[in-house]
Amino acid sequence: MIRTIIFMLLFAVPAMAQDNIDKALLMDYFQEQQFDKAIQYLEGVKPQQANGLALLASAYYQSGQMMPAEKYYTLVLAQDSNHIQAHQALGNIARQQKQPLLAIAHFEKLVALRPTNPLYYKQLSIACGNVVGLQDSAFNYMWMAYQLNPKDVSVVTALSADLIDEKEYARADSLLKQYMLIDSSQVMVISQLVKTSYLQKDFSSATLYGERLMAMNALELTAFSYLSVSYYALKKYDSCIIVYDKTAAMTRGNAPETIIYYAGISYARMKQFDKSNELIQRCIDLAKSKSLDSYYATLADNYEQMKQFRRAISYYDTSYYLFKDPMRQYGIGRIYEQHLQDPLNAKKHYRQYVKDAKPENKEEESIHTYVKERIKNL
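**Some remarks on unusual backbone geometry**
Even without being glycine, Lys201 reaches a positive phi, approximately 60 degrees. Notably, Lys235 is not glycine yet its phi reads approximately 65 degrees, a positive angle.

Below, the structure is given as structure tokens:
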């Protein structure tokens, strides 16, 4: 990607020669990702043309120096208001700086300049989703991105999640099934299909998709919980137990309470009351225990420190699923915001935290106040 951008900047515009740039040398710097050397060289040349300035801006941007990158990209736009790379980079910088309205302005320009590029609609959708009152616009832009590129799994899952939130289960289900015709290997898509099937009381389909997840050894505890309940609704009690055994093995014995419970009552249906009593007693112990929540939170924190952010989110999510502690929603939101740079999901979990939280001390009050302010600015 870097090679393509730099090649275009170096060779696409004849006016480049006016800056007297050594194109071969600069190409080597960028290919080797020696951005500090590229910056030093270009600052010495002091480019005046839009593409020369864009090269300098790009070097700063690739090296993580956003302030000078923003400065030079702004100079680029002063000469060429339709400069694609400048609008792209400035839009990304605005998002990182939690300035969604400014990001929207740049992404709207990109959509106008390249109305058939799905990436620009997706970026515009994400930016709109972080401004109060623009959620409908966010959905519409994401839908445009889907129409232009139905193969983008992140677009499909974002749209289906919105439809599920709006209780439009059939539409979400249809969208996910269309994607399965393109790629049937995406864990998130299959997980959402377990959920949409269950919510439509199509328990047979829920089990088919859930079985595929289990065969993939995917750790999707929420989907497995829907799977367990679906099996029970179909009176497939031995399958409920298989879900429990599989989940317990994957979580070192820490299966979600719902899965344990349905395995327990399945054993009762099969007249194996000793095993049923053992699992139901575990459910009782889990309900009593205040420690398990801390155990999951500690695992989540450990994985966050190890930079395995998706696994950290999974443990926070499991903890919240079991114990409904709002702080776990805060933890998920914080990871999405600070580490994954996903303000849309961050805001979603922050809102759930604010809705549920009842601060009991100064530290919790401080977090609650902070999160309410972050929601306004995301």
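**A look at a negative patch on the surface**
A cluster of acidic residues, Asp136, Asp162, Asp165 and Glu166, forms a negative patch at the surface. With respect to the helices and strands, Asp165 occurs in helix H10 (residues 153–165).

**So, the state of the cysteines**
Under the counting rule described, the total for this entry stands at zero disulfides. No disulfide involves Cys240; its sulfur sits 13 Å from the nearest other cysteine sulfur, which is in Cys283.

**Looking at empty space enclosed by the protein**
According to the stated counting rule, one finds one cavity of 30 Å³ or more in the structure shown. Within this model, the largest cavity holds a volume of roughly 70 Å³. If you trace the largest cavity, you find it lined by Arg95, Lys98, Gln99, Pro100, Ile126, Ala127, Asn130, Pro343, Asn377 and Leu378. Of the residues belonging to the lining of the largest cavity, the class tally is five nonpolar, three polar and two charged.

**Remarks on the environment of Gln338**
In this fold, Gln338 is placed in helix H20 (residues 326–338). The partly exposed category is assigned to Gln338, whose relative accessible area is 46%. Considering only alpha carbons, one finds Gln338 and Tyr315, 23 residues apart in sequence, at a separation of 17 Å.

**So, helix H3 (residues 35–45)**
Spacing of three or four residues puts side chains on the same side of an α-helix, whose turn is 3.6 residues. If you check which residues of H3 are buried, you get Phe35, Ala38, Ile39 and Leu42. All buried residues of H3 lie within an arc of 100 degrees about the axis, which places them on one face of the element. Counted as exposed and oriented over 90 degrees from the buried face of H3: Asp36, Gln40 and Gly44. Backbone geometry just downstream of H3 places Lys46 in the positive-phi region, at approximately 55 degrees.

**Regarding the packing of aromatic side chains**
Following the criterion strictly, the structure yields 14 aromatic pairs and no others. Ring centres of Phe139 and Trp143 lie 6.4 Å apart, and the angle between their planes is 15 degrees; this geometry places the pair in the stacked category. Taken together, the residues Phe139 and Trp143, both in helix H9 (residues 135–148) and four residues apart, mark about one turn of the helix. Accessibility expressed as a relative area gives 18% for Phe139, which makes it buried.

**Looking at helix H2 (residues 23–31)**
Among the residues making up H2, those that are buried are Leu26, Met27, Tyr29 and Phe30. One side of H2 holds all its buried residues, which, seen down the axis, span an arc of 160 degrees. The opening residue of H2 is Asp22, an N-cap whose side-chain oxygen sits 3.4 Å from the backbone nitrogen of Ala24.

**Side note on the confidence of the model for the protein chain**
Residues at a pLDDT of 70 or more form 94% of the protein chain, whose mean pLDDT is 89. Taken together, the stretch residues 13–17 has pLDDT below 50 and engages in nine contacts with residues farther than four places along the chain or on a different chain.

**Some remarks on the packing of H20 against helix H22 (residues 362–377)**
Where H20 contacts H22, the axes come no closer than 12 Å and their chain directions differ by 45 degrees. With respect to their mutual orientation, H20 and H22 come out oblique. Where H20 crosses over H22, the two elements pack in a sense that is left-handed. Of the residues in H22, those touching H20 at Met327, Tyr330 and Glu337 are Ile367, Tyr370, Val371 and Arg374. Partitioned by chemical class, the residues of the contact of H20 with H22 number five nonpolar, no polar and two charged.

Calculation rules
- Residues numbered from 1 in each chain as written.
- Predicted model: local features only at pLDDT ≥ 70, side-chain atom pairs only at ≥ 80, totals over all residues.
- Heavy atoms only, no water.
- Patch = residues over 30% accessible without salt bridge, like charges linked within 9 Å, V, L, I, M, F, W, Y side chains within 5 Å.
- Areas by Shrake-Rupley, 256 points an atom, 1.4 Å probe, with all protein chains shown as cover.
- Salt bridge = Lys/Arg side-chain N within 4 Å of Asp/Glu carboxyl O.
- Lys, Arg positive; Asp, Glu negative; His and termini not counted.
- Charge placed at Lys NZ, Arg CZ, Asp CG, Glu CD.
- Helix = DSSP H or I, 4+ residues; strand = E, 2+ residues; numbered from the N terminus.
- Disulfide = S-S within 2.5 Å.
- 1 Å grid on protein atoms, 1.4 Å probe; cavity = no way out; pocket = protein on both sides within 12 Å on 5 of 7 lines; lining within 4 Å.
- Points joined across faces, edges and corners; volume = space filled by probe spheres on them.
- Nonpolar A, V, L, I, M, F, W, Y, C, P; charged D, E, K, R; others polar.
- Buried < 20%, exposed > 50% of the residue type's maximum accessible area, 1.4 Å probe, protein only.
- Arc of directions from axis to C-beta.
- Phe/Tyr/Trp six-rings, centres within 6.5 Å; stacked < 30°, edge-to-face > 60°.
- Polar contact = N/O pair within 3.5 Å; in protein donor to acceptor, adjacent residues only side chain to side chain.
- pLDDT = per-residue confidence, 0-100.
- Contact = heavy atoms within 4.5 Å.
- Axes fitted to C-alpha atoms, helices over the stretch in contact; angles between N-to-C directions.
- Parallel < 35°, antiparallel > 145°, perpendicular 65-115°, else oblique.
- Left-handed = near helix turned anticlockwise from the far one by under 90°.

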